[in-house]
Amino acid sequence: MILAFYCLLKPNRLRLAMKKKCPLCNTLAEKFYEDTQRYYRCPNCDGIFVDETQLPDHQSEKERYELHDDNTEDEGYRKFVSPITTHITRDFSKKAKGLDFGAGTSQIITKVLQERGYDIVSYDPYFHPHKELLEEKYDYIASCEVIEHFYHPAKEFYLLRSMLKEEGKLYLMTDIYDESIEFGKWYYKNDPTHVFIYTRRTFEWISTKFGFQNLSIDKRFILLG
């Protein structure tokens, strides 16, 4: 009798052991896809994340970022970030205080907005590690092609929300997964530093969880405010 009960229990234990906790909402998630990295999809927030045992080490991550060819004078690059810069210039005056979170080596958003007279500063854990900036409050925060690199998205979104003033806005860009995409052939997951992938439902969960009143999504541009 005891042996029979154990035999029934063992498969359930094995299934639980194969699941991973979502780093955004802490829900157990089952494997979604595997190639060079193992991905899990959360049934709660719908985030897709890489197994924590396969996350790149920080040195490899930094070296990957240093390979980016980010010429701030390139018109194509400026056009790429324009969904963020254009919305900020429409929504805020030059007196508003802004943060470019995860600015990278180029600080492209900071440079474009400063050229227009905007008061914005850059933070990046590798290239502009000015941690004192994380103690300030901002009218707006921009984060372009950054959030897919979050190893601990819950912690990072708590931080971002805490740095915004009451009427503050968070401007994001990342490529968003949906069911029309064949994940195995999707270019975006081929970057090993893209360790957390978002869907529309993920942003709806983030908006509710972190107390944003408004959510707008237009292709790869996301506005939370």
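Read on for a plain summary of the structure. Since the structure is predicted, the reported quantities are computational estimates derived from the model, not experimental observations. (Residues numbered from 1 in each chain as written. Predicted model: local features only at pLDDT ≥ 70, side-chain atom pairs only at ≥ 80, totals over all residues. Heavy atoms only, no water.)

Scanning the protein from terminus to terminus reveals 6 helices and 11 strands. Its C-alpha atoms give the protein principal-axis dimensions of roughly 75 × 35 × 35 Å. Looking at the 225 residues of the protein, the share that counts as buried comes to 46%. Within the protein, residue pairs in contact and separated by at least 24 positions form 62% of the contacts whose partners lie at least 6 positions apart. About 12,300 Å² of surface is accessible on the protein, with carbon and sulfur atoms providing 52% of the total. (Helix = DSSP H or I, 4+ residues; strand = E, 2+ residues; numbered from the N terminus. Buried < 20%, exposed > 50% of the residue type's maximum accessible area, 1.4 Å probe, protein only. Contact = heavy atoms within 4.5 Å. Areas by Shrake-Rupley, 256 points an atom, 1.4 Å probe, with all protein chains shown as cover.)

This paragraph deals with the layout of surface pockets. For the largest pocket, the calculated volume is near 1,100 Å³. Along its surface, the largest pocket is lined by 42 residues, and Y65, D124, E145, V146 and H149 are the ones closest to its centre. Put simply, the parts of the chain that give the lining of the largest pocket at least two residues each are α2 (58-66), α3 (75-91), β5 (97-101), α4 (108-115) and α5 (153-163). The biggest single contributor to the lining of the largest pocket is α2, with 4 residues. Looking at the lining of the largest pocket residue by residue, the classes come out as 21 nonpolar, 9 polar and 12 charged. (1 Å grid on protein atoms, 1.4 Å probe; cavity = no way out; pocket = protein on both sides within 12 Å on 5 of 7 lines; lining within 4 Å. Points joined across faces, edges and corners; volume = space filled by probe spheres on them. Nonpolar A, V, L, I, M, F, W, Y, C, P; charged D, E, K, R; others polar.)

Okay, helix α6 (residues 200-209) next. By the burial criterion, the buried members of α6 are T202, F203, W205, I206 and S207. On the buried face of α6, the contacting elements are α5, β8 (164-173), β9 (196-197), β10 (215-218) and β11 (221-224).

This part is about the side chain of D46. Counting through the fold element by element, D46 comes out in the loop between β3 (38-41) and β4 (48-50). Beyond its immediate sequence surroundings of up to four residues, D46 is in contact with R41, T199, R201 and T202.

Turning to the side chain of D51, a few remarks are in order. Within the fold, D51 resides in the loop between β4 and α2. Of note is the side chain of D51, whose polar atom sits 2.6 Å from the side chain of R38. In contact with D51, other than residues within four places in its own chain, are K20, R38 and Y40. (Polar contact = N/O pair within 3.5 Å; in protein donor to acceptor, adjacent residues only side chain to side chain.)

This paragraph deals with the nonpolar core. In summary, soluble globular proteins display a tendency toward joint burial of nonpolar side chains. By size, the foremost hydrophobic cluster in this structure holds 35 residues, and its most contacted members are F101, I141, F157, L170, F203 and I206. If you list the elements that add at least two residues to this core, you get β5, β7 (138-144), α5, β8, α6 and β11. Ignoring any residue separated from it by four or fewer positions in sequence, one finds F203 in contact with I147, L172, T174, I176, Y198, L215, I217, I222 and L224. Counting 19 residues, the second largest nonpolar core, distinct from the first, contains I84, A96, I108 and L113. (Core = buried A, V, L, I, M, F, W, Y, C linked by side-chain atoms within 4.5 Å.)

Here we take up the pattern of salt bridges. Here the idea is simple: oppositely charged side chains can pair when their charged atoms come close. Counting across every chain of the model gives 19 salt bridges. With its nearest N and O atoms 2.6 Å apart, the salt bridge here joins D51 to R38. With D51 in the loop between β4 and α2 and R38 in strand β3, the pair connects residues that are 13 residues apart, well separated along the chain. Among the salt bridges present, the one from R64 reaches D191, with a minimum N-O distance of 3.5 Å. Of this pair, R64 sits in helix α2 while D191 sits in the loop between β8 and β9, placing them 127 residues apart in sequence. With a relative accessible area of 11%, D191 lands in the buried category. Connected via shared salt-bridge partners are K20, K31, E34, R38, D51 and E52. (Salt bridge = Lys/Arg side-chain N within 4 Å of Asp/Glu carboxyl O.)

Once that is clear, we can look at the packing of aromatic side chains. Applying the stated criterion to the full structure yields 26 aromatic pairs. Aromatic side chains Y33 and Y39 sit 6.4 Å apart centroid to centroid with 45 degrees between the ring planes, which places their arrangement in the tilted category. Using a relative accessible area of 1% as the deciding quantity, one classes Y39 as buried. An angle of 80 degrees between the planes, with centres 6.4 Å apart, marks the rings of W205 and F210 as edge-to-face. Neither residue differs from the other here; W205 and F210 are each classed as buried. Three or more aromatic residues joined by ring pairs form one cluster here, namely Y40, F49, F101, Y123, F150, F157, Y158, F196, Y198, F203, W205 and F210. The ring of F32 carries the charged tip of R41 above its face, separated from the ring centre by 5.3 Å. (Phe/Tyr/Trp six-rings, centres within 6.5 Å; stacked < 30°, edge-to-face > 60°. Lys NZ or Arg CZ within 6 Å of the ring centre and 35° of its normal.)

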